[in-house]
Amino acid sequence: MSTKYFPKDFLWGAATASYQIEGSPLADGAGSSIWHRFSHTPGNILNGDTGDVAADHYRRYKEDIALMKEMGLKGYRFSIAWPRIYPYGKGKINVKGMDFYDRLVDELLEAGITPFITLYHWDLPATLQDLGGWANRDIACWFADYADYMFQRLGDRVENWSTLNEPWVVAFVGHLFGEHAPGMKDIYSAFLVTHNQLRAHSKAVRAFREANIANGKIGITLSNTSHDPATDSMEDKIAAKVAHEWNNYPLFLHPIYYGDYPDTVKEFLKEYLPKNYYKDMEEIKEEIDFVGINYYSGDLVKFDPDSPLGGKSVKRGLPKTEMGWEIYPEGFYKILKGLQDEYNPKEVYVTENGAAFDDKVENGEVHDHKRIDYLKKHFEMAHKAIEDGVKLKGYFVWSLLDNFEWAFGYSKRFGIVYVDYNTQKRIIKDSGKWYSQIIKNNSLDF
Ligand code: GBH
């Protein structure tokens, strides 16, 4: 047996998002979000679930922080619900909503846990959607104003900030596939939303530099699925490259690092890009301090002349999680290594990695050995990536708690802590106990 050590000060943690765990979405003067509206519109969410109660974290945050402390987490990645701060998205500030995050941050620091804030994890103020949401160019200002207010209010205690969570999912799952809020199906809107998220992100980064937060670091969190060609044929290789550059970190990092969309996007998808998009590229190109990588799965890509992207996903036939996503840890390594080789970010964080399984409570325990196995294989790949030069500084398991899994409602459990939705009782799963040992030893045994 051999032991692999992680770097000193490696930030082991867990992640959540406001709408998925907090509940009480309209409490204390908060405004409605697009996810509140979307989940309350029949037919959008499995079993008609909503985030009205979720894991009741808004009221139980102290108990949840005590659990994090018990597990020995060093970091906690969470998001701020924009409509709690600005009920109408801009203008009037809701003091009580701000108070919640003030108390949350203080409680975390008290417990010795490093807060890692995501400014936008999909709960846009509904009022802003009525003005066009991410398709309205003004959103760059609305977002930067909101971000700036958060820097002023929490910057004295919080060093680590991520602007957007998975802008690809916001653009394409929300505006082309219609499966997420706001439920639109228009490819031109999806690319406009991609572009405006980039503009908003970089404007917020500039506000961050102005705010001059001591030891402050700001980045962006991107979704990734590894895409390998199904065969050695030139067609499949091109299709896989298009899928990678449109679907993964290049779509956003190419503009941020090099001031232009990736070549394949310009070659294959140019007609969908907003007219005169290049005029904004100079302001989009803006230095960031880290890249946040979310990774769950990997696919093969086959040439398909009928697809607008020139390719379609095919499965390898590997074991799957409850989401139906194949377990492919090697793809995690490829994403991390590719990121470092292609953009050479100063720092990298795994902002999400984890799996949904069909957890059962047995005598007050949850023996989720499949999740342990999943995490172990992915930790191993992260370790290999570090050995090969990836500047990985931390790792947030998705998720701390079982929660509202968007269109799938409460039917999918990703937590390392089990939540009984009838009683709101929490149980640390076997994976959570196993994870505390990894954190304590800062190493992995093989
Ligand atoms: C994240 O989204 C979210 O940030 C988080 O809120 C959410 O709860 C969590 O993941 C779990 O879903 O078809 O096999 O190639 C992840 C979104 C999931 C989008 C994987 C791409 C492709 C899987 N991504 N998906 S596959």
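Residues numbered from 1 in each chain as written. Predicted model: local features only at pLDDT ≥ 70, side-chain atom pairs only at ≥ 80, totals over all residues. Heavy atoms only, no water.

Chemist: Go over the overall build of the protein chain, please, and point to the residues and values.
Modeler: Scanning the protein chain for helices and strands turns up 16 helices and 15 strands. The C-alpha radius of gyration of the protein chain comes to 21 Å, within 12% of the 22 Å expected for a compact globule of 446 residues. Projecting the C-alpha coordinates of the protein chain onto the three principal axes gives extents of approximately 60 × 55 × 45 Å. The buried share of the protein chain, taken over its 446 residues, is 62%. (Helix = DSSP H or I, 4+ residues; strand = E, 2+ residues; numbered from the N terminus. Rg over C-alpha atoms; globule rule 2.2 N^0.38 Å. Buried < 20%, exposed > 50% of the residue type's maximum accessible area, 1.4 Å probe, protein only.)

Chemist: Describe the packing of helix α9 (residues 187-211) against helix α11 (residues 250-258), with residues and values.
Modeler: Axis angle and axis distance: for two packed helices, these are the angle between their axes and the distance between the axes, and together they describe the pair. Contact geometry for α9 and α11: axes closest at 11 Å, N-to-C directions at 45°. Compared by their axis directions, α9 and α11 come out oblique. For α9 against α11, the interelement crossing comes out right-handed. Along its contact with α9, which presents Thr-194, Leu-198 and His-201, the element α11 presents Leu-251, Phe-252, Pro-255 and Ile-256. Among the residues forming the contact of α9 with α11, the class breakdown is 5 nonpolar, 2 polar and no charged. (Axes fitted to C-alpha atoms, helices over the stretch in contact; angles between N-to-C directions. Parallel < 35°, antiparallel > 145°, perpendicular 65-115°, else oblique. Left-handed = near helix turned anticlockwise from the far one by under 90°. Contact = heavy atoms within 4.5 Å. Nonpolar A, V, L, I, M, F, W, Y, C, P; charged D, E, K, R; others polar.)

Chemist: Got a sec to walk through the site of the ligand? Specific residues and values, please.
Modeler: In the neighbourhood of the ligand, 18 residues make up the surrounding shell, with Gln-20, Glu-166, Glu-352, Glu-405 and Trp-406 lying closest. The contact in question runs from an oxygen atom of the ligand to an N or O atom on the side chain of His-121, over 2.9 Å. In this structure, an oxygen atom belonging to the ligand sits 2.8 Å away from a side-chain N or O atom of Glu-352. Protein burial of the ligand: of its 590 Å² of free accessible surface, 85% is covered by the chains. No other element matches strand β7 (residues 290-303), which puts 4 residues into the shell around the ligand. Of the residues assigned to the shell around the ligand, the class counts are 7 nonpolar, 6 polar and 5 charged. (Near = heavy atom within 4 Å. Polar contact = N/O pair within 3.5 Å; in protein donor to acceptor, adjacent residues only side chain to side chain. Areas by Shrake-Rupley, 256 points an atom, 1.4 Å probe, with all protein chains shown as cover.)

Chemist: Report on the packing of helix α8 (residues 167-175) against α9, specifying residues and quantitative values.
Modeler: Where α8 meets α9, the closest approach of the two axes is 8 Å, and the angle between their N-to-C directions is 160°. The angle between the axes of α8 and α9 places the two elements in the roughly antiparallel class. As α8 runs across α9, the sense of the crossing is right-handed. Contact residues: Pro-167, Val-170, Ala-171, Phe-172 and His-175 in α8; Ser-189, Ala-190, Phe-191, Val-193, Thr-194 and Gln-197 in α9.

Chemist: With reference to specific residues and values, describe the UniProt feature "active site" (unreviewed entry) in the protein chain.
Modeler: The UniProt feature table records "active site" (unreviewed entry) at Glu-166 and Glu-352. What stands out for the annotated residues spanning 187 residues is how close their C-alpha atoms remain, the widest pair being 10.4 Å apart. When its relative accessible area of 8% is taken as the criterion, Glu-166 is described as buried. Sequence-distant contacts of Glu-166, that is, excluding residues within four places in its chain, are made with Trp-122, Thr-221, Leu-222, Ser-223, Asn-294 and Glu-352. Relative to the elements of secondary structure, Glu-352 occurs in strand β9 (residues 348-353). (UniProt positions renumbered as here; feature names shortened; annotations may be inferred.)

Chemist: Before we move on, can you summarise helix α5 (residues 95-110) with the specific residues and values?
Modeler: Under the 1.5 Å per step criterion, the end-to-end length of α5 is 22 Å for 16 residues, consistent within 8% with the ideal 22 Å. For α5, every residue scored as buried is listed here: Gly-97, Met-98, Phe-100, Tyr-101, Asp-102, Leu-104, Val-105 and Leu-108. Its buried side turned inward, α5 meets α1 (18-21), α3 (57-71), β3 (75-79), α4 (82-85), β4 (114-120) and α7 (139-154). Two residues or fewer after α5 comes Gly-112, characterised by a positive phi angle close to 75°. (Expected span 1.5 Å × (residues − 1).)

Chemist: Explain the pattern of salt bridges to me, and be specific about the residues and the numbers.
Modeler: Opposite charge on two side chains makes pairing possible when the charged atoms of those side chains draw close. Under the criterion given, the structure shown has 34 salt bridges. Of the charged contacts, one joins Arg-316 and Asp-228 as a salt bridge, the two residues approaching to 2.7 Å between their closest N and O atoms. Placement of Arg-316 in the loop between β8 (311-314) and α14 (329-343) and of Asp-228 in strand β6 (residues 217-229) is noted, with a sequence separation of 88 residues between them. Accessibility expressed as a relative area gives 16% for Asp-228, which makes it buried. Linking Lys-346 and Glu-287 is a salt bridge whose minimum nitrogen-to-oxygen distance equals 2.9 Å. On the criterion of sequence distance, the pair formed by Lys-346 in the loop between α14 and β9 and Glu-287 in the loop between α13 (281-284) and β7 is long-range, its members being 59 residues apart. Judged by relative accessible area, which is 43%, Lys-346 ranks as partly exposed. (Salt bridge = Lys/Arg side-chain N within 4 Å of Asp/Glu carboxyl O.)

Chemist: Break down the UniProt feature "binding site: substrate" (unreviewed entry) in the protein chain for me, citing the residues and quoting the values.
Modeler: UniProt annotation of "binding site: substrate" (unreviewed entry) refers to Gln-20, His-121, Asn-165, Tyr-296, Trp-398, Glu-405 and Trp-406 when read in the numbering used here. Summarising the element assignment, Tyr-296 is placed in strand β7. With a relative accessible area of 11%, Tyr-296 lands in the buried category. Not counting chain neighbours up to four residues away, the residues in contact with Tyr-296 comprise Asn-224, Trp-325, Glu-326, Glu-352, Asn-353, Gly-354, Tyr-374, Trp-398 and Phe-414. Side-chain polar atoms of Tyr-296 contact the side chain of Glu-352, separated by 2.6 Å. Residue position: Trp-406 is located in the loop between β12 (392-398) and β13 (417-419). The class of Trp-406 is buried, set by a relative accessible area of 4%. When sequence neighbours within four positions are dropped, the list of residues in contact with Trp-406 reads Tyr-19, Gln-20, Trp-35, Ile-45, His-121, Trp-122 and His-180. There is a polar contact of 3.4 Å between the side chain of Trp-406 and the side chain of Gln-20.

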